[in-house]
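# Notes for the structure review
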Amino acid sequence: MSLTDPQLVDCSIIPVFQVPNEEDASMLGVNGEENVVSEGKRMKKKRKKQVSAPRPACSWVYFSREFIKEYSASHPESSGLKAATKAASDAWKLMNVEEKEKYTRRAREVWDDYLSSAPARIPKPRKQVAFTFYDLFCLTVLANKSYDYLMQTKLVTRCSPGRLLNVVQRLTSEQKDAVKDMGFGSLLSLRCRTLRRSLCLWLLERFNTARRSLEICGERIHLSPKDVEHVMGLAAYGKDVVNSGPDDLIADLRNSYNATNRGISVRLLEERLAAPEAGEDFKRSFILYALGTLLSPTARLDVSPSFLHFLINMDAVHQYNWGKFLLDRLVREVSRFHQGKQRAVGGCLLFLQLFYYESVSIEGAGSFSPIVAPCLSSWGEEEITEREKRERELGGYGCGEVIRKKSCPGMEFPEYRVQVEGLSGGNMSTGIEPNPVFEQDMTQADEEQMDRDFSMEEISVANFPKSKGMMCGDMEMIVEPDRTACRNKEYGCSETLDYMTKNDHEETCLYAPCACPLPNCDFVGSSEQLSLHFSSKHWDAGRRFRYNIPLAVSLGMNEQFLVLQAEEDGVLFILNKGVETIGNIVMVTCIAPSSSKENFLYDLVSGKGISSLRLKSLTDNFPGRVEGFPPMDFLLIPFRFLGPSGELKLEVCIWNSTELG
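Attention here is on the structure that accompanies the text. Source: prediction; values computed, not measured.

What counts, and at which threshold
- Residues numbered from 1 in each chain as written.
- Predicted model: local features only at pLDDT ≥ 70, side-chain atom pairs only at ≥ 80, totals over all residues.
- Heavy atoms only, no water.
- Phe/Tyr/Trp six-rings, centres within 6.5 Å; stacked < 30°, edge-to-face > 60°.
- Helix = DSSP H or I, 4+ residues; strand = E, 2+ residues; numbered from the N terminus.
- Lys NZ or Arg CZ within 6 Å of the ring centre and 35° of its normal.
- Axes fitted to C-alpha atoms, helices over the stretch in contact; angles between N-to-C directions.
- Left-handed = near helix turned anticlockwise from the far one by under 90°.
- Contact = heavy atoms within 4.5 Å.
- Nonpolar A, V, L, I, M, F, W, Y, C, P; charged D, E, K, R; others polar.
- Core = buried A, V, L, I, M, F, W, Y, C linked by side-chain atoms within 4.5 Å.
- Buried < 20%, exposed > 50% of the residue type's maximum accessible area, 1.4 Å probe, protein only.
- Pairing = 2+ DSSP bridges.
- Parallel < 35°, antiparallel > 145°, perpendicular 65-115°, else oblique.

Before going further, it helps to spend a moment on the packing of aromatic side chains. Summed over the entire model, instances satisfying the criterion amount to 25 aromatic pairs. Taking the centre distance of 5.8 Å and the plane angle of 40 degrees together, the rings of F351 and F355 count as tilted. Of the two residues, F351 and F355 both sit in helix 15 (residues 349-359), 4 residues apart, roughly one turn of that helix. An aromatic cluster is built from W60, F63, F67, Y71, W92 and Y103, whose rings are joined through pairwise contacts. Here R65 stacks its cationic end above the ring of Y62, 5.7 Å away from the centre of that ring. The residue whose ring lies beneath R272 is Y257, and the NZ or CZ to ring-centre distance is 4.3 Å.

Put into structure tokens, the structure is as follows:
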């Protein structure tokens, strides 16, 4: 490396130095000191002679001078200038524009005279900076700072795994058991404290929120709730998390957490989690803290009080699809960041970081590492530091090869993870006996015995073949396929599945639960059950329409949505409305399982006078009301299109196929 390298320092601005000898240096030292002293004295004399005219006062000063004279004369008992100035300030604040005009005009006249008579301002000469060799060294070091270092200051996020790790390390055994009961036991294996912000920023620049994919290493990697389950250990099945509803249902909870418009204080949650109790209050506080610091932080410092809506019944927390919720929130926050709506990045950036580590190999083709589920437990500070070092050696991020690790279905969670090598327990058959490895009706005592007998950290087999017999090195494991009912059985699904097909079926099951969109109704059922429920219980709460026929609707100023139900098949749609700085945003969504492939074409028209706005698009499927505005098509309607009372009038037409009628 050379100091004159044009990529490091602009050599045109660096003065050329001549190294003096010892005699010259001693003479420069004596003469230089004398010259500096004499020059300083001359500059002080010049400053004393050049006394410029004072700048004119503002209108307040002219008023206060006049007021203080009158006030002092009429209040001889006052304490002095301080009391008179305070009285003048109070009087000035009570005066209107007309009363202040007298003093404003006087100040303007004086200012005009000052500008016309004042001499032209002579700019101060810039100081000549003399660079020392130490300065050049510092410039060189700064120029050679890595890209990672320079990018650290450009990313602002509230995602802080270190804060959650500090809380987890202080939990008692009873509290840890409570966390496991809620389905958040994977967070107890958290090991890393800090985010690699340069990597996160690099990934954010390559995050396609519309496609929900990362475009890295020349490939497009789609993200799904299953990836969240694999990395973070959170369930990717169950009911959708809905954090909306009437405020009166959570009024008591808001008061108990001192929730303000800004949110719930993180410090308050830390104080509550410091208590040894492990009851319902602890569970609710832990989830709020985990969401606010790691899983779903927002751009604000506090935790969103809207999370309290799905924490009313703590017995149902383990039934939610937390993987989908985390991914949806991450996509929403990154989308807002890309649009410039917020400076800080919300969402779980730790998931992005660990997903990159797990999906991109830097060891070359053919390398193999054991699969650990969840991946959260295998990445500590030492492992991350070593990985970052290897990334820099290879030239930066994105130089590796995309890999896709697969784990055995049904073995992602601790009760099903077994290290095959070195088994010492007696619960596994090593011959041809048809004893099952894992029994569905295993008791709690059996599970605890298995935990003691086996190492529960790694699976040394990348992928098990889809057969009854599975070979693992020199050992053969005989597994009898166990069939269970679909988790949507209570909503009408009659399928009986084995472990190999259960997850795939449940992801696309047509009986996946959908929630009633009305805020004061807690009904949950399949889309068909929801259609019957809405038409019988809430027949007067929405609007019925016919496919392919335009329908005129109106949304009041405070109405956020309108439920539409088709007369032909009873399918429910929601006309959503949001408010932005320049107008209203409207879109149409269909209440159906997110995995449903059926889409409907719709047409929105808003007009005023001879002007009109129109949107044609396809509906997206959501199992309930839409929280916020996900990345999808919408119609922006300026405020001038609103009626005199702030109502929004639209014409809606929905087709029963993806083709125009």
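Once that is clear, we can look at the packing of helix 15 against helix 16 (residues 381-394). The geometry of a pair of packed helices is captured by two quantities: the angle between their axes and the separation between those axes. The N-to-C vectors of helix 15 and helix 16 enclose an angle of 65 degrees; their axes lie 12 Å apart at closest approach. For the pair helix 15 and helix 16, the crossing hand works out as left-handed. In contact with Q353, Y356 and Y357 of helix 15, helix 16 contributes I384, R387, E388 and E391. For the contact of helix 15 with helix 16, a count of residues per class yields 3 nonpolar, 1 polar and 3 charged.

Across soluble globular proteins, you tend to see nonpolar side chains buried next to one another. If you look at the biggest cluster of nonpolar residues, it comprises 80 residues, and the most contacted ones within it are F184, F286, W322 and F351. The biggest single contributor to this core is helix 13 (residues 280-295), with 9 residues. Those residues in contact with F351 that sit more than four places away from it in its chain are L223, D227, V228, V231, M232, L326, L327 and L330. Of all hydrophobic cores here, the second largest spans 30 residues; its members include A566, Y602, L650 and V652.

If you trace the 3 strands from one edge of the open sheet to the other, you get 1-2-3, paired in antiparallel fashion. The strands lining the two open edges of the sheet, one partner per strand, are strand 1 (207-208) and strand 3 (219-222). Alignment of strand 2 (residues 213-216) against strand 3, held across 4 bridges, turns out to be antiparallel. Directly across from E215, in strand 3, lies its bridge partner R220. Packing of helix 15 onto the sheet brings it into contact with strand 1, strand 2 and strand 3, and relative to strand 2 it is tilted by some 55 degrees.

Between helix 7 (residues 161-169) and helix 13, the least distance of the axes is 8 Å, while the angle of their chain directions is 155 degrees. On the basis of their axis angle, the class for helix 7 and helix 13 is roughly antiparallel. Judged by the twist between their axes, the crossing of helix 7 over helix 13 is left-handed. Between helix 7, through P161, R163, L164, V167 and V168, and helix 13, the contact on the second element is made entirely by F286, Y289, A290, T293 and L294. The class makeup of the residues in the contact of helix 7 with helix 13 is 8 nonpolar, 1 polar and 1 charged.

Attention now moves to the sheet that holds strand 13 (residues 551-555). Remark on secondary structure: sheet strands pair via backbone hydrogen bonds, oriented parallel or antiparallel. Strand order in the open sheet formed by 4 strands is 13-21-17-18, with antiparallel pairing between adjacent strands. Only two strands of the sheet have a single partner each, and these edge strands are strand 13 and strand 18 (611-618). Neighbour to neighbour, the strand axes of the sheet diverge by 25 degrees on average, direction disregarded. Relative to strand 21 (residues 648-654), strand 13 runs antiparallel, the two sharing 5 bridges. Its bridge partner lying in strand 21, S554 is registered against K649.

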